[in-house]
Amino acid sequence: MELQRNRLDQEKFCCSICLDLLKDPVTIPCGHSYCMKCIQNFWDGEDEKRIHSCPQCRQTFTLRPVLVKNTMLADLVEELKKTGLQAAPDDHCYAGPEDVACDFCTGRKLKALKSCLVCLASYCEKHLQPHYESATFVKHKLVEPSKKLQENICSHHDEVMKMFCRTDQQCICYLCSVDEHKGHDTVSAAAERTERQRELEVSRLNIQQRIQDREKDVKELQQEVEAINGSADKAVEDSEKIFTELIRLMEKRRSDVKQQVRSQQETEVSRVKDLQEKLKQEITELKRKDADLKKLSHTEDHNQFLHNYPSLSPLSQSTDSSSINIRPLRYFEDVTAAVSELRDKLQDVLREELTNISRTVNQQCICYLCSLDEHKGHDTVSAAAERSKRKREPKTRAGFLKYSRELTLDPNTANTYLLLSEGNRKATLMLERQSYSSHPDRFADWQVLSTESLTGRCYWEVEWTGTGLCVAVAYKNISRAGSPDECEFGLNDKSWALRCIKNAYTFWHNNVATLVSIPRSSRVGVYLDHSAGILSFYSVSETMTLLHRVQTTFTQPLYAGLWFSWYFGVTAELCKLK
């Protein structure tokens, strides 16, 4: 409290201009005191106006007052200095380069607390007090400190710009309105501000409405996230139950097969032993009756057993010794073969279906809001429609063969190092150029297109020898020469290619590669459903193994293509399909 009181005491002896302790204090006629130098400098600036005023109360003096040092104040200030207290404000109160400085501070200026739109000046807290205390400043407009006060002064007439010209869309002073802006649509700046304020409020309402709409969208998207998470959790839970049921079913089938084999083993052994006993008795009897039959040999020759498992035909009943058919010693090998066949079929089914499941999981299912936002203009359909497309694809090679196409290679597109044979169905990469005539459709790269265009649903197979080849489809207007990104199959948006190099498959489109982990084979089947946008590559052997599937939108007819790497002697043939 003592420190606060001392601070208040010392503020009584501070100059309201420099805000420091009075130096050579003088008292002017209105009663306020200043440093002699501060008030002299202040009045020097007013000499041009031929009127002098008090910086605090604004009382004016027609004649400039004569300044006489106030000795009593000077003595009091000296006594105050002896206490060691200083009136200088803290450093953070002084104006920096980015701050608005007080226009009335001398020396080091303080930060302005307010700016006056009438005085067109900025004031610190001390110099602002007359605006609060004197009735002279009641109508003055105080605003936040501004460095742009001088922009309110007309550069032509040196008057405050209180008018607004709607014709020229600029602020003007009163003299401008009767001079160069005469006849223009002019209003007061306050009236224009009111009009613009209404427009601003409408804009704010629109913005606030948009904010509400976006917040609603965010909320709905959050619900979408929760729905996705819930659906994923349920799918995982249901999948676990289904796979557990499948495992249990497989375990039960394994147990059933084991029990059937053991049961059949017991039956067969019992049957053979019974027959063996009968034969022994008959042999004993025959030995007694005829010694010549002593050397009779019996060869056990068993027929195939348990054929076409699990539909097992019943064993034939025992017959008398004169009609016994001895079976070959392969009773249960067919069971092993049948189980192996079942395993292979399950592996094929699981591989293909799990690939479909994986693609279904990875496929981007979009919500309605997304279709209106980042997917606006994209080719979007319902998930049910997409699933219907996928179900159109055949499941067996016999099903694919229904859509087989007999294709030939177009000599006019073949690179000059490709030798065509077998009725233009086979291509071989040669060391020497072939004698082809010049043609604008010929590829500069080692590749060739089919003669026939492909639309609708089509299937064909390619068989090759060696390595370094790709099976592709492309639009007719793919570039024939230029950089690889322009003309090579798979490196642009006009072609799709499955490459086989060094026993590894890679799918390419638009210069983006996707590794295919399934081991290679020497024959690949290609299925195209042009309208559905489906392109699938299969490894063809005894079974069909899906290598890669593309779901897209084809905008032009496609052509089958072959591309060769640098391995000379590699051949590829468009197969004749029965």
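Residues numbered from 1 in each chain as written. Predicted model: local features only at pLDDT ≥ 70, side-chain atom pairs only at ≥ 80, totals over all residues. Heavy atoms only, no water.

Under an unreviewed UniProt entry, the name given to the protein chain is Tripartite motif-containing protein 16, and the source organism is Collichthys lucidus.

How do you make sense of the overall build of the protein chain when you look at a structure like this?
If you tally the helices and strands in the protein chain, you get 11 helices and 23 strands. By sequence separation, contacts in the protein chain at least 24 residues apart represent 57% of the contacts at least 6 residues apart. When the accessible surface of the protein chain is split by element, carbon and sulfur atoms take 52% of a total near 36,300 Å². (Helix = DSSP H or I, 4+ residues; strand = E, 2+ residues; numbered from the N terminus. Contact = heavy atoms within 4.5 Å. Areas by Shrake-Rupley, 256 points an atom, 1.4 Å probe, with all protein chains shown as cover.)

Before we go on, may I ask you to explain helix α4 (residues 125-133) in this structure?
Working note: α-helix, 3.6 residues per turn, so residues spaced by three or four point in the same direction. Considered for burial, the residues of α4 that qualify are His127, Leu128, Pro130 and His131. Across the axial projection of α4, the buried residues extend over an arc of 135°, all falling on one side. The exposed residues of α4 that point more than 90 degrees off its buried face are Glu125 and Glu133. Elements in contact with the buried residues of α4: β5 (114-116), β6 (121-123) and β7 (142-143). (Buried < 20%, exposed > 50% of the residue type's maximum accessible area, 1.4 Å probe, protein only. Arc of directions from axis to C-beta.)

I keep staring at the sheet that holds strand β8 (residues 163-165) and nothing clicks. Help me out?
Within a sheet, adjacent strands bond to each other through the backbone by hydrogen bonds, running parallel or antiparallel. With antiparallel pairing, three strands are arranged side by side in an open sheet as β9-β8-β10. Two strands bound the open sheet, and with one partner strand each, they are β9 (170-172) and β10 (186-188). Direction aside, neighbouring strands of the sheet carry axes that sit 35° apart on average. Relative to β9, β8 runs antiparallel, the two being bridged by three bridges. Looking across to β9, one finds that phenylalanine 164 is bridged to cysteine 171. (Pairing = 2+ DSSP bridges. Axes fitted to C-alpha atoms, helices over the stretch in contact; angles between N-to-C directions.)

Even after reading the chapter, I still don't get helix α2 (residues 36-46), so can you show me in this structure?
Burial in α2 covers these residues: Cys38, Ile39, Phe42, Trp43 and Glu46. Mapping the buried residues of α2 onto a view down its axis gives an arc of 125°, with all of them on the same face. Residues Lys37 and Gly45 are exposed on α2 and point more than 90 degrees away from its buried face. As for α2, its buried residues are in contact with β1 (25-27), β2 (33-35), β3 (52-53) and β4 (60-61).

Where do I start with the side chain of glutamate 488 in this structure?
Tracing the chain through its elements places glutamate 488 in the loop between α11 (484-487) and β16 (495-501). A distance of 2.6 Å separates polar atoms of two side chains, one belonging to glutamate 488 and the other to arginine 499. Beyond its immediate stretch of four places on either side in the chain, glutamate 488 contacts Asp445, Gln447, Ser495, Arg499 and Trp563. (Polar contact = N/O pair within 3.5 Å; in protein donor to acceptor, adjacent residues only side chain to side chain.)

Honestly, the nonpolar core in this entry has me stumped. Any pointers?
Across soluble globular proteins, nonpolar side chains have a tendency to be buried as a group. Trp460, Trp464, Trp496, Leu535, Phe537 and Phe564 are the most contacted members of the largest nonpolar core, which has 39 residues in total. Discounting chain neighbours no more than four positions away, the residues touching leucine 535 are Val473, Trp496, Val526, Tyr527, Leu528, His548, Arg549, Val550 and Phe554. Counting residues in hydrophobic clusters, the runner-up holds 32 residues, among them Cys14, Ile39, Phe61 and Cys105. (Core = buried A, V, L, I, M, F, W, Y, C linked by side-chain atoms within 4.5 Å.)

Just to check I follow, could you spell out the pattern of salt bridges for this structure?
Should the charged atoms of two oppositely charged side chains come close, the side chains can pair. Following the criterion strictly, the structure yields 19 salt bridges and no others. Salt-bridge contacts for arginine 166 lead to glutamate 192; the nearest nitrogen and oxygen are separated by 2.6 Å. Taken together, the residues span a long stretch of sequence, with arginine 166 in the loop between β8 and β9 and glutamate 192 in helix α6 (residues 189-289) at a distance of 26 residues. Across the pair glutamate 463 and arginine 523 runs a salt bridge whose closest N-O atoms are separated by 2.7 Å. Here glutamate 463, found in strand β14 (residues 457-465), pairs with arginine 523, found in strand β19 (residues 523-529); they are 60 residues apart in sequence, far enough to count as distant. Taken together, the salt bridges that share partners define one network made up of Arg397, Glu461, Glu463 and Arg523. (Salt bridge = Lys/Arg side-chain N within 4 Å of Asp/Glu carboxyl O.)

Quick question: what am I supposed to make of the side chain of histidine 530 here?
Residue position: histidine 530 is located in the loop between β19 and β20 (534-540). Looking at histidine 530, the relative accessible area reads 14%, which means it is buried. A polar side-chain atom of histidine 530 sits 2.7 Å from the main-chain carbonyl oxygen of glutamine 556.

Quick question: what am I supposed to make of the sheet that holds strand β21 (residues 544-551) here?
What the seven strands build is an open sheet, ordered β11-β12-β23-β14-β19-β20-β21; its pairing is antiparallel. Across the chains shown, the open sheet's two edge strands, defined by having one partner strand only, are β11 (418-421) and β21. Strand-to-strand, the axes of this sheet are offset by a mean angle of 20°, without reference to chain direction. Bridge analysis of β19 against β20 gives six bridges, and the strand direction is antiparallel. From the neighbouring strand, glycine 525 faces β20, where its bridge partner is tyrosine 538.

What is the right way to look at the state of the cysteines in this model?
Every disulfide links exactly two cysteines, by a covalent bond between their sulfur atoms. If you walk through the whole model with that rule in mind, you get zero disulfides. This cysteine, cysteine 57, is not joined by any disulfide, and cysteine 54 carries the nearest cysteine sulfur, 3.6 Å off. Residue classification places cysteine 57 among the partly exposed residues on the basis of a relative accessible area of 24%. (Disulfide = S-S within 2.5 Å.)

Sorry if this is basic, but what is going on with the confidence of the model for the protein chain here?
In regions of low pLDDT, the predicted coordinates are not meant to be interpreted in detail. A residue-level look at the protein chain finds 81% of positions with pLDDT of 70 or above and a mean pLDDT of 80. The secondary structure element of the protein chain with the lowest average pLDDT is helix α8 (residues 368-372), at 49, and the one with the highest is strand β22 (residues 558-564), at 96. Counting contacts from residues 1-8, a segment whose pLDDT is below 50, to residues more than four positions away or on other chains yields one contact. Counting interchain partners and residues more than four positions distant, the pLDDT-below-50 stretch residues 292-319 has 48 contacts. (pLDDT = per-residue confidence, 0-100.)

Please explain the packing of aromatic side chains as it appears in this structure.
In total, this model carries 13 aromatic pairs according to the counting rule given. Between phenylalanine 507 and phenylalanine 537, the ring centres sit 6.0 Å apart and the planes meet at 55°, which makes this aromatic pair tilted. Taken together, the residues phenylalanine 507 in strand β17 (residues 504-509) and phenylalanine 537 in strand β20 connect sequence positions 30 residues apart. Judged on exposure class, the residue phenylalanine 507 and its partner phenylalanine 537 are both buried. Over the face of the ring belonging to phenylalanine 443 we find arginine 480, whose NZ or CZ atom lies 4.7 Å from the ring centre. Between the NZ or CZ atom of arginine 499 and the centre of the ring of tryptophan 508, over which it lies, the distance is 5.3 Å. (Phe/Tyr/Trp six-rings, centres within 6.5 Å; stacked < 30°, edge-to-face > 60°. Lys NZ or Arg CZ within 6 Å of the ring centre and 35° of its normal.)

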